[in-house]
Amino acid sequence: MSSLVWFCYGEGIVGTRVRLLGSPRLERGETVVELPRERPLWLLSYLGAQEDWVSREELLELFWPEVEPASARNNLRQLLHRVRQMEGIEGLEASAGGVRWLAELDVRLFRQALARGQWARAVELYGGPFLEGVKVYGLPGLEDWLEAERADLETAWGNVLLSWAAESQPSQELLGRLERLLERDPFNERALQAFLQHAAALGESGRAREIYTAFVRRLAGEMGLEPDPSTRRLLEELDRSALPPQTPAHPVLHNLPTRLTTFIGREEELGLVNRRLEAGERLITLAGPGGMGKTRLALSVAESQLGAFADGVWFVALAPLARSALIIPAIAEALGLNLTRAADPKARLLEHLRGREMLLVLDNFEHLVDGAALVVELLNEAPQLRMLVTSRERLRLQAEWVLALQGLGYPPGYGLEAVQRSSAVRLFVERANRVWPQFALTPQVAPAVLRICQLVQGMPLGLELAAAWVSAFTPQDIADELERSLGFLESPGLDLPERHHSLRAVFEHSWQRLTPEQQQALVRLTVFRGGFDRQAALKVAGVGPAALLALADKSLLRRTPSGRFELHEVIRQQAQERAEAGGVLAAIRQAHAEHYLALAEEAGNYLRGPEEARWLERLALEHDNLRTALEWALSRRDTPLALRLATAIHHFWYVRGHHREGRVWLERALGLPLEGIPPRLHAKALNALAERAKDQGDYAQALRVQQEALDLWQRLEDSGEVAGALHSLGTIVREQGNFDQALAYFEESLHLRREIGDRNGIATTLNDIGVVYGYRGQLEASRPYFEESLARKREIGDRRGIAYALGNLGQVLSELGESARARALTEESLAIKRELGDQQGIAVSLVNLALLTLQQADLDATWNHLEEALRIFYTLERRWSIGVVLGSFVELALRLEQFERAVRLVGAVYGLTQTMGLAEPPVSAGNLERYLATGRQHLEPQAFERALAQGREMSLEQAVNYALQQPPVGARAAPGVAD
């Protein structure tokens, strides 16, 4: 009998599809209903563009800004009634606090595809501009929102199309889409470059030259500019040959963010850095003041290196980190490497990087320079690793090659041709044209534009902020305003740090252009980390959609394609200094913590049902804000707030593999004064800590803490929570191999849960009782428990529970000879786990699927499944599960007739059992004896004993590395021996 891995676990209304991208309409099967272009559609569109509830206050501000509140609320009720009468409208929900629309909307699906990097899917969903042909009148705030939403979605579509083009083979369909993008965005030079490359591959040189000529004519006639030199070089190459774009040397692996605006200038720097990388430079630092464009240049370098590194190009954002100790987790998160259970996270990261060929981009290092020694260690331990760092300060390392960035180039004196070729001028004109499409670089305005470039010394952020004003001021007015502030730029105060000289001047001027209300709004928004949505801005900071859009228009906020808002880190720091000076943030930070506590506690209502995946994604999106809220609660020694936050988030930490982080937060929260804390809250926190300790293999702490929680629940006489604590104790002792004790805990828990009618608890405990029987080899006894658990989980809609019961039932059916059904159930289980991002569950499914493919003699698939599973478990530090996977590798080795390898791996399982202090090994004793018996039949006694002893002496890392040593191709193709 094969080793089994058992599953243990502690989306909207579909029918009518709504099309808002393009002409607004409803689609139900073959029926298409055009939506009337009036106020009900405006409301539906605003609701549809959001992911969740929209407060009634927000709707009143947008739709009836000048109406007395009572009348406005009545108007909203009447409008909601009108909307409900519209043909085909489903899923409109209203509560006392807000309104939401649960429907299948293309705009939501588009944003989901965008967030997941599904470029082809996003391109397919984009049917045209948002609410094409619809005009809002009489509502300035809503008009501004629609214009911004339409522009953001169109920008996102353009960038998605370019990302898809970069990864796709040339085709006429793709060429047509690129041509359409140029029609919609006639000055998009990236689109032109992509068109030229793909046209060359398709032999469309005539068509390419026609498009290029039209672009040049537009650029010169409407903006007074010339194409970028790199674009001209593409045309020259097209004239020489029509060869397709070079195929990357390696698969394109990366996590680079999508560019939302064109990268202009820096051709010399871009070429220089790329040549340095190609020459073997290990560490390159792009240094310069804030706002100098270091990040944009680094991303452009990274994009040009895609496919050049076998293990990819990875971007690590360091700006949100408060201390250098967080660099290692940040790198790991960017790489998809989970360190939460690693005893030594740095050692685990070094082990992961060792032997890998990749480029790491570390962005915004300046506030973490005390962690520069880590950079040296990474380079020493990973000889094929290259690093590109952006920082306001040099790292002062011997291995460092520094490129000090200055402002973009501009001519020292006026000359129209020189001005038109200037990178600084090109950037200003391009950004100004986005704000005011009629703007052009005419001979009349060119001198003032050049003066602006000179005044901000070519600083990209300064140019962008200046360009944001062209809709209200002429370039000469902008230059005059900057002239009046230049004393600070030219003669910086001696008490100011050098890195703030230029940026302070730019920011100060932008600050002075804000109204007092906008200044206050910007200050209040600095409490957020990692971005925020409209609801949070309104509830936490009291900043409504009109103020958000005004700040975004002035380039002080950035709207992401998903509709969230982000503060540039430099701007956030500058604005926060004004907040600290005014002492206004304490109350807002408290409101921030309470808002994210409410979000986390609301999420808890959905994490055991059909909406789990959506809420897990939402918590992941807000993880930085949740961390900030926890840190605030701890700094204030606010024990109730800290405990409530940590217990509300702990299920998210479990699913997404943040076990170590969650344990640390819980221990810190429980370390605060507990006098006067409600016993129920105390017990919940102990439950959560016990779970996290168990997941890290610290069974002693897990048992002690869970028993303490059980005592509290018993004193409170809460049968439901007592049942939950008993269940948790059962999972702990089961992992220790104490199956009789585990069964006793589970049966007592099940009895209580049946008494109180706890549907989810009953289904969960049934599953875990089945697991115990499975470990005992009593498969027929386990089967009805899994079947009943699965039926109950389907009835409840618990996706995770369904996945676990499916997997467990699949393994029973596999052992009972029903292989086809077993594989179908296991693959369904794996798909759900991948959807939820449940790393541990994914690994369990992979092991079970490997055993099924092994039965079918698909040895390549078996190897691939086991390799991925072992890497996940090792990352999660799940030592017990690692032992199970090692047993599965033994099965594969025997099938390949690699008997010495099999015996050595059995020895490693015994060694791991001993070091963990387990009563029983993770692999059944019967299987281990069968493996050894087969080894004795095929090996000389001396070779057998030597292999077994060598395996026993292996450390965990040695055992994992040995298991992952891929057998030779010939050996993997050899006929296997029967079980």
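- Per an unreviewed UniProt entry, the protein is named Transcriptional activator, and its organism is Meiothermus hypogaeus NBRC 106114.

Some points on the sheet that holds strand E7 (residues 104–105)
Turning to step 1, where the next piece is worked out: Judged by pairing direction, the sheet is mixed, and its four strands sit side by side in the order E3-E2-E1-E7 without closing on themselves. Strands with a single pairing partner mark the edges of an open sheet, and in this sheet they are strand E3 (31–34) and E7.

Some words on the nonpolar core
Turning to step 1, where the next piece is worked out: Counting residues in each nonpolar core, the largest one holds 168 residues, and the members touching the most others are Leu 525, Phe 528, Phe 532, Leu 557 and Phe 889.
Turning to step 2, where the next piece is worked out: By residue number, the principal contributor to this core is helix H30 (residues 639–655), which donates 11 residues.
Turning to step 3, where the next piece is worked out: Each of domain 5 (514–579) and domain 6 (880–964) gives at least three residues to this core.
Turning to step 4, where the next piece is worked out: Ignoring any residue separated from it by four or fewer positions in sequence, one finds Leu 525 in contact with Phe 532, Ala 537, Ala 541, Val 543, Leu 548, Leu 551, Leu 557 and Leu 567.
Turning to step 5, where the next piece is worked out: If you look at the next biggest cluster of nonpolar residues, it comprises 107 residues, including Leu 20, Leu 79, Leu 234 and Ile 452.

Concerning the packing of helix H42 (residues 879–895) against helix H44 (residues 925–938)
Turning to step 1, where the next piece is worked out: For the pair H42 and H44, interaxial distance at closest approach is 11 Å and the crossing angle is 30 degrees. When the axes of H42 and H44 are compared, the pair comes out roughly parallel. Of the two elements, H42 crosses H44, and the hand of that crossing is left-handed. Only Arg 930, Tyr 931 and Thr 934 of H44 make contact with H42, whose side of the interface consists of Gly 887, Val 890, Glu 891 and Leu 894.

Observations regarding helix H32 (residues 679–695)
Residues lying three or four places apart along an α-helix face the same way, a consequence of the helix completing one turn every 3.6 residues.
Turning to step 1, where the next piece is worked out: Between its first and last C-alpha, H32 extends 24 Å over 17 residues, near the 24 Å set by a 1.5 Å rise per residue.
Turning to step 2, where the next piece is worked out: Of all 17 residues making up H32, 14 are buried, and the element is well covered by its neighbours.
Turning to step 3, where the next piece is worked out: One or two residues past the end of H32 sits Gly 697, with phi positive at roughly 80 degrees.

Some points on helix H15 (residues 372–381)
Turning to step 1, where the next piece is worked out: Within the sequence span of H15, burial applies to Ala 372, Leu 374, Val 375, Leu 378 and Leu 379. Projected down its long axis, H15 shows its buried positions confined to an angular sector of 150 degrees, all on one face. In this structure, H15 carries Ala 373 and Asn 380 as exposed residues pointing more than 90 degrees from its buried face.
Turning to step 2, where the next piece is worked out: Considering only its buried residues, H15 is in contact with strand E8 (283–287), helix H13 (327–335), helix H14 (345–353), strand E10 (358–363) and strand E11 (385–391).

Some remarks on the domain arrangement of the protein
Turning to step 1, where the next piece is worked out: Looking at the assigned domains, one finds that the protein contains domain 1 (17–154), domain 2 (169–242), domain 3 (267–404), domain 4 (416–504), domain 5 (514–579) and domain 6 (880–964).
Turning to step 2, where the next piece is worked out: On a C-alpha basis, the centres of domain 3 and domain 6 stand 39 Å from each other.

With respect to the pairing of E10
Turning to step 1, where the next piece is worked out: Of all six residues making up E10, six are buried, and the element is well covered by its neighbours.
Turning to step 2, where the next piece is worked out: A two-sided burial pattern is seen for E10, the buried positions comprising Met 358, Leu 360 and Leu 362 on one face and Leu 359, Val 361 and Asp 363 on the other.
Turning to step 3, where the next piece is worked out: Where strand E9 (residues 313–317) and E10 come together, five bridges link them in parallel fashion. Within E10, the residue paired with Trp 314 across the bridge is Leu 360.
Turning to step 4, where the next piece is worked out: Note on the crossover from E10 through H15 to E11: the handedness is right-handed.

Things to note about the packing of aromatic side chains
The geometry of two aromatic rings is summed up by the distance between their centres and the angle between their planes.
Turning to step 1, where the next piece is worked out: Summed over all chains, the structure comprises 14 aromatic pairs.
Turning to step 2, where the next piece is worked out: Seen in terms of ring centroids, Trp 42 and Tyr 137 are 5.1 Å apart; in terms of plane orientation they differ by 85 degrees. Their pairing is edge-to-face. One end of the pair, Trp 42, is in helix H1 (residues 39–48); the other, Tyr 137, is in the loop between helix H5 (119–125) and helix H6 (140–167), and 95 residues separate them in sequence.
Turning to step 3, where the next piece is worked out: Residue class for Trp 42 comes out buried when judged on its relative accessible area of 2%.
Turning to step 4, where the next piece is worked out: You can call Tyr 137 exposed: its relative accessible area is 52%.

Rules used throughout
- Residues numbered from 1 in each chain as written.
- Predicted model: local features only at pLDDT ≥ 70, side-chain atom pairs only at ≥ 80, totals over all residues.
- Heavy atoms only, no water.
- Pairing = 2+ DSSP bridges.
- Helix = DSSP H or I, 4+ residues; strand = E, 2+ residues; numbered from the N terminus.
- Core = buried A, V, L, I, M, F, W, Y, C linked by side-chain atoms within 4.5 Å.
- Buried < 20%, exposed > 50% of the residue type's maximum accessible area, 1.4 Å probe, protein only.
- Domains from an automatic or database assignment.
- Contact = heavy atoms within 4.5 Å.
- Axes fitted to C-alpha atoms, helices over the stretch in contact; angles between N-to-C directions.
- Parallel < 35°, antiparallel > 145°, perpendicular 65-115°, else oblique.
- Left-handed = near helix turned anticlockwise from the far one by under 90°.
- Expected span 1.5 Å × (residues − 1).
- Arc of directions from axis to C-beta.
- Right-handed = clockwise from strand over helix to strand, strands pointing away.
- Phe/Tyr/Trp six-rings, centres within 6.5 Å; stacked < 30°, edge-to-face > 60°.

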